[in-house]
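# Residue-level structure breakdown
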Amino acid sequence: MRRLFFPFLTVLCLIAPLSDGFAQISASSADFDTQTITLALTQEPPQLNSMKATDQVSALILGHVMEGLLSYDRRGKIIPGVAEKWEIDSTGATFWLRKDARWSDGKPVTADDFLFAWQTALKPETASEYSFILYSIGNAEDINKGKKPTESLAVTVVDDHTLTVEFETPIGYFDKLVAFTTFFPARRDFFKARGDSYGADAKDLLFNGPFRMTDWVHSASLKMVKNEHYWDRDNIHLNAINADYITEDSRARLNLYIDGKIVHTRLDGETYKDALTQRQRIRSFTTGSVFYLEYNFREDRITTNRNLRKAIQHVFDPEEFVNKVLATPGNLPGRSLFPVWLGGVEDKFRREYKAAEPKIDLALARDYLEKAKVELGVEKIPPLVLLVGNSPTSAKQAEYLQGVFKEKLDIDVKIDIQTFKQRLAKMTSGDFDMVAAGWGPDFDDIMTFGDLFASWNLNNRGRYNNPDYDRLVRIGMTSADPKTRMDAMGELQRILTEDAVIIPQYEQGVIYLMHPKVKGVVRRVVGADPDFRRARIVK
Amino acid sequence: MLAYTFKRLLAGVVTVWFIATATFIAMHSVPGDPLMNDKAVTAEIRANLEKKYGLDKSGPEQYLIFMSNMLRGDFGISFTQQNRKVNDIIRDHFPVSATLGLLAVFFAAIGGIVWGALTAIYRNRLPDIIIMFLVILGISVPSFVFAALGQLSLVKINQLLGSSVIPVAGWGTFGHMLVPSLVLGLGTMALLTRLMRSSMLEVVNEDYIKTAKAKGLSPIRIFFKHQLRNAILPVLTVLGPQIAAITTGGFVVELVFAIPGLGRYFVQAVQQLDYTVIMGTTVFYGAFLVFMVILVDIIYGFVDPRVRLQ
C-alpha cells in the first residue's frame, strides 16, 4: 500500500502548484468597508477586444472597463461619455472630447483612439462580426468589403479632442450607435505592441472606463478595480468588482448566493422555486428581447399562404403562453415585434402606436383555415415543421404549440429539435416551416428591431419580402424627423400583424436575486447588464 | 523488455493518429456551421472569418495543415475564445483537472480497498449488505446528482454553522477540492470496492492462506501481509485507465463547482463546434489515455514478477 501511496502523493504535490494562481475568495459578497462586491459570471468572456466582441458576458465586462464617446444614464437616456459635447445632423456628426479622459496608464484618450478602433474593426483581416454596425459612417461598408483602403474612412481627427464623422447615408440614431461596444476606443501604439494577443489577458488590454481589469484567470475569475485615472472617478463608489466564479449552472450560482458568496444571480424556472422556498426576495426585469414564431416565406413553403398564417394568429394566445407555459414572473405577452421599452416620438412607442391584438377566435381561425385549404388545393394541411433549440424550455414550448395546432386547427406539427449551431444552419438554409426565434437589441433605437424583416437583412431567415415593408424601413433608417420615423414604424407594426409575418410570443423577463445592501445597480436592455458602475454598498 | 516497450509506444502513436483522423472526419461531418452566430454576417465578413481559420480550403488540405501543425505541437487558435491558443487552454486547465482527478482517484482507491476488504471479511453479513447496496447506488446514480447533492449539503452545513466553513464552489485551496473530488471519485470507488471484494474472496481460499493459518499467524497479520497484498493486483490494473478516465470526465463536477478545468472546454467545444479546441482536447486526452494504458502494462511487469513480457 505504501508503495502506491507515495508516488501518488508526489504526483499530487507536483501538479498542485501548477494550478495555483486560482487562490481568491473574498470574505463577504458585499463588503461595506472596502466597497467590494463579488459576482459569478455565467461563462468565460470569449472576447474582450471591443472591436470584435459579440456576446453578453464580454459586453458586461467591457461596459465596466471601457467607455465610448457617449453613454447611457440610469434611465437609458444618452449622456456624455468621453465626448462632453456633440452635434449630429443629417450629413454627419462632430464630437468634442473631454480633456480629462484618460487611459488606465494615465495617457489621455484622444480622437485618434476612436478613429483607430473603428478602422481596425472594419479591416477585412480583423473579421469582426459586428463591423456592419459601423456601416453608417462614410465608406465603411466598402472598406469592410475590401473595396477601399481603411484610410478612406470618412472620419477626421481635427485635433486631439475633436472628431468629425461624415455619414454614408443620413441616419437618425447615430448617437445611440456610438454608445455601442464596437465603437469603443483602442490606442494605436498599445494595440500594435500587443499584436495578436490584444485582449487575451488583463495585461493585454488598456482601459478607459470606470474600472480596470487587474487579474483574469481564464475560466476561474476576473478582477476589476476602480480606475484612478477615470475622469468621473469621484462618482464611482465601488473599489473592486471580483468575478470569483464562472459557471453556467444556475443551481450552483443560487447555492453561492445563499451561501453569501455572490451579490447577484439570475434564476430560471427550476431555481425560481428553490429561491421561493428559501424566502429570498425575488426581483424581475425585462431584458428587452422579443421572442416570436417566424415563418418560412420561401416559395415552396405552404407558410407563404397568408390565410394559413392568419388562422394560426387567431388561435395562439400569448397571454396563456406566458402564464401557463413560461410560468415564471416577469415575462410579458408578445403583441408586437417592438417591445414596450422602445422610445417613440415623446413617450414610449407602444403607447403612441398601439399594437393590434388579434382576437382569439376559433370560428374566425377556422374560416381562414378553410380559405387556406382551398387556395392550397389540399384536403388537410400537411404537417408543419417547427424548428426549435434543444433546451428543456424550448421543448416544452414546442409541445404546447403542437397541442394548440392539433386541437384547434387539426394541423400536425413536427418538432425539429436542434443544437444551437445546427438550428442556425437550418434557419439560414430555410429548412423549416416555422422557427421559434428571438431578437435582442443592440442599441436603444426602434431600428434595432425595425429592419429585421427587410428583404436585404440577413437575419430575415424566413426571407419575408415586402416592398412596402422595405420602404418603411428606409424611412426609419434615414429620416431625421422623429415623427416621420415613428409614423413609418407604426405602419410597419400594422403590416406585421395584418400580414401575420410573425406570431409574437413574449417579451422576455428575467427574475433574479440581488444582495439587499448593494444599491444603485442598473438593469439595462442595451449595454452592460447588470450595470454596477455607479453601485455602492450601504451599511 | 525494451523492444516490447518500443513496440507498445509505436502502436500508441498509431492509435493517436487514428483518434485524430477519426475525430477530424467526424467533426467535419457534424451538421451545423462553426462560424455561425446569433446574428447573421455578410458574405464578405464570413469570407474574412473563413480565411482567418483556414476554412476556405478544401477538407483534405485542412487535414494536412492540421496534421503538420499537430506534429509541431501547435493546435491553433480557439474559435470561440479568439485570442487564446488551444495549447494555452490545455496548459492552463489540464493541471486543474489532473489535480482534481488524482485526488478523486486517491479517495476512490483508499475507499475501494477498505470497503472491498470489509465486505469480504463480513461476507453475507450486515456490513457487506449495506456496503454492497451503497456500491450499486454509487455505480448507478450519475455524477451530476451527487454533485448537486454534495453542493446543497455544503450550503446546509454552512447555514447551520452560521459561516461558510467549506467553500460551496470555486477553486484554489484544499477546501475547494475536497467535496468535488469525493463526488468525482464515487463511481470509481464503487467499482473498485466490487473488484476488491471478489478478488479478496478468491484469495481467501488459496493454499498459502491455509498455510499461514496453520502456522498460527494472527488473523490481522494474515489479512494485511498475505490476503490484501495478493488481492490488490487486479485493482492496480484498472487504476491506470481509471486515472485517465477520471481526469478527463469531470465536466459536470467542474460545472457545478465552478472549477476551471479542461473538462468544461472538452464538452463545450463540441457544443459550440469549436474545431480547434475539439481537436486539441481530443488528441490530448486520447494520447493521455493511450499513455496510461501502456504505462500500466509496463509497470505490471515490475510489480508482478509472474508476468513475463515478450
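For every chain, the first residue of the written sequence is number 1, and numbering continues from 1 onward in sequence order. Each chain gets a letter, beginning with A, and each ligand a number, beginning with 1, in the order they are written. The model is predicted, so local features are restricted to residues of pLDDT at least 70 and side-chain atom pairs to those at 80 or more, both for listing and for counting; the totals for chains, interfaces and linings are taken over all residues. The side-chain numbers reported here are obtained from all heavy atoms of the structure, hydrogens and water having been left aside.

## Notes on the packing of aromatic side chains
Residues and elements named next belong to chain A. In this analysis, rings of Phe, Tyr and Trp, with Trp reduced to its six-membered ring, are considered paired at centre separations within 6.5 Å, and the interplanar angle assigns stacked below 30 degrees, edge-to-face beyond 60, and tilted for intermediate values. Counting across every chain of the model gives 33 aromatic pairs over all chains. With centroids separated by 6.0 Å and ring planes inclined at 85°, the aromatic side chains of Phe174 and Phe183 adopt a geometry described as edge-to-face. The burial state of Phe174 is the same as that of Phe183; both residues are buried. With a centroid separation of 6.2 Å and an interplanar angle of 75°, the aromatic rings of Phe190 and Tyr198 are classed as edge-to-face. We call a residue buried when its accessible area falls under 20% of the maximum for its residue type, exposed when it is over 50%, and partly exposed in between, using a 1.4 Å probe and counting protein chains only. Residue classification places Phe190 among the buried positions, given a relative accessible area of 12%. What makes Tyr198 buried here is its relative accessible area of 4%. Aromatic ring contacts, followed pair by pair, group Phe95, Phe114, Trp118, Phe167, Phe174 and Phe183 into a single cluster. For a ring to carry a charge above it, either NZ of a lysine or CZ of an arginine must fall within 6 Å of the ring centroid while also lying within 35 degrees of the normal to the ring plane. Its end group placed over the ring of Trp96, Lys85 keeps NZ or CZ at 4.5 Å from the ring centre. Here Arg98 stacks its cationic end above the ring of Trp231, 3.4 Å away from the centre of that ring.

## Quick notes on the environment of Asn227 of chain A
Residue and element names in this part refer to chain A. Here a helix means four or more residues in a row that DSSP labels H or I, a strand means two or more in a row labelled E, and each is numbered from the N terminus. By secondary structure assignment, the location of Asn227 is in the loop between strand E10 (221-226) and strand E11 (240-246). Along the chain, Asn227 and Phe190 lie 37 residues apart, while their C-alpha atoms are 18 Å from each other. Residue contacts are counted whenever heavy atoms from the two residues lie within 4.5 Å of one another. Excluding its chain neighbours within four sequence positions, the residues that come into contact with Asn227 are Ser104, Phe207, Asn208, Gly209, Pro210, Phe211, Arg212 and Arg233.

## Description of the confidence of the model for chain B
All names here are of chain B. For chain B, the mean per-residue pLDDT works out to 86, and 96% of the residues sit at or above 70. Confidence of the predictor at the level of single residues is captured by pLDDT, which takes values from 0 to 100. The secondary-structure element of chain B with the lowest mean pLDDT is helix H10 (residues 233-248), recorded at 78, while helix H3 (residues 59-71) shows the highest, at 91. For this predicted complex, the interface score ipTM comes out at 0.83, while the overall pTM is 0.87.

## As for the pattern of salt bridges
All names here are of chain A. When a carboxyl oxygen of Asp or Glu is within 4 Å of a side-chain nitrogen of Lys or Arg, the pair counts as a salt bridge. Throughout the structure, instances matching the rule amount to 38 salt bridges over all chains. In this structure, the salt-bridge partner of Arg187 is Asp189, at a minimum N-O distance of 2.9 Å. Ionic contacts of the salt-bridge type, sharing partners, join the residues Arg306, Arg309, Glu498 and Asp499 into one network.

## A word on the nonpolar core
What we call a nonpolar core is a set of buried Ala, Val, Leu, Ile, Met, Phe, Trp, Tyr and Cys residues that are connected through their side-chain atoms within 4.5 Å. Membership of the largest hydrophobic core comes to 248 residues, with the highest contact counts inside it found for Phe95, Trp118 and Phe174 of chain A. If one sorts the elements of this core by residue count, helix H4 (residues 86-121) of chain B sits on top with 16 residues. In contact with Phe95 of chain A, not counting residues within four places along its chain, are Leu69, Leu70, Ala83, Lys85, Trp86, His161, Thr162, Leu163, Val165, Phe174 and Val178 of chain A.

## Focus: a nonpolar patch on the surface
Residues and elements named next belong to chain B. Where nonpolar side chains cluster on the molecular surface, the patch consists of Leu126, Ile129, Ile130, Phe133, Leu134 and Leu137 and spans about 600 Å² of accessible area. Of note, Ile130 is situated in helix H5 (residues 126-140). The exposure class of Ile130 is partly exposed, given its relative accessible area of 44%. Patch criteria: residues need more than 30% relative accessible area and no salt bridge. Like-charged residues are merged within 9 Å; nonpolar side chains of Val, Leu, Ile, Met, Phe, Trp and Tyr are merged within 5 Å. Values of accessible area rely on a 1.4 Å probe in the Shrake-Rupley scheme; residue burial ignores everything except the protein chains shown.

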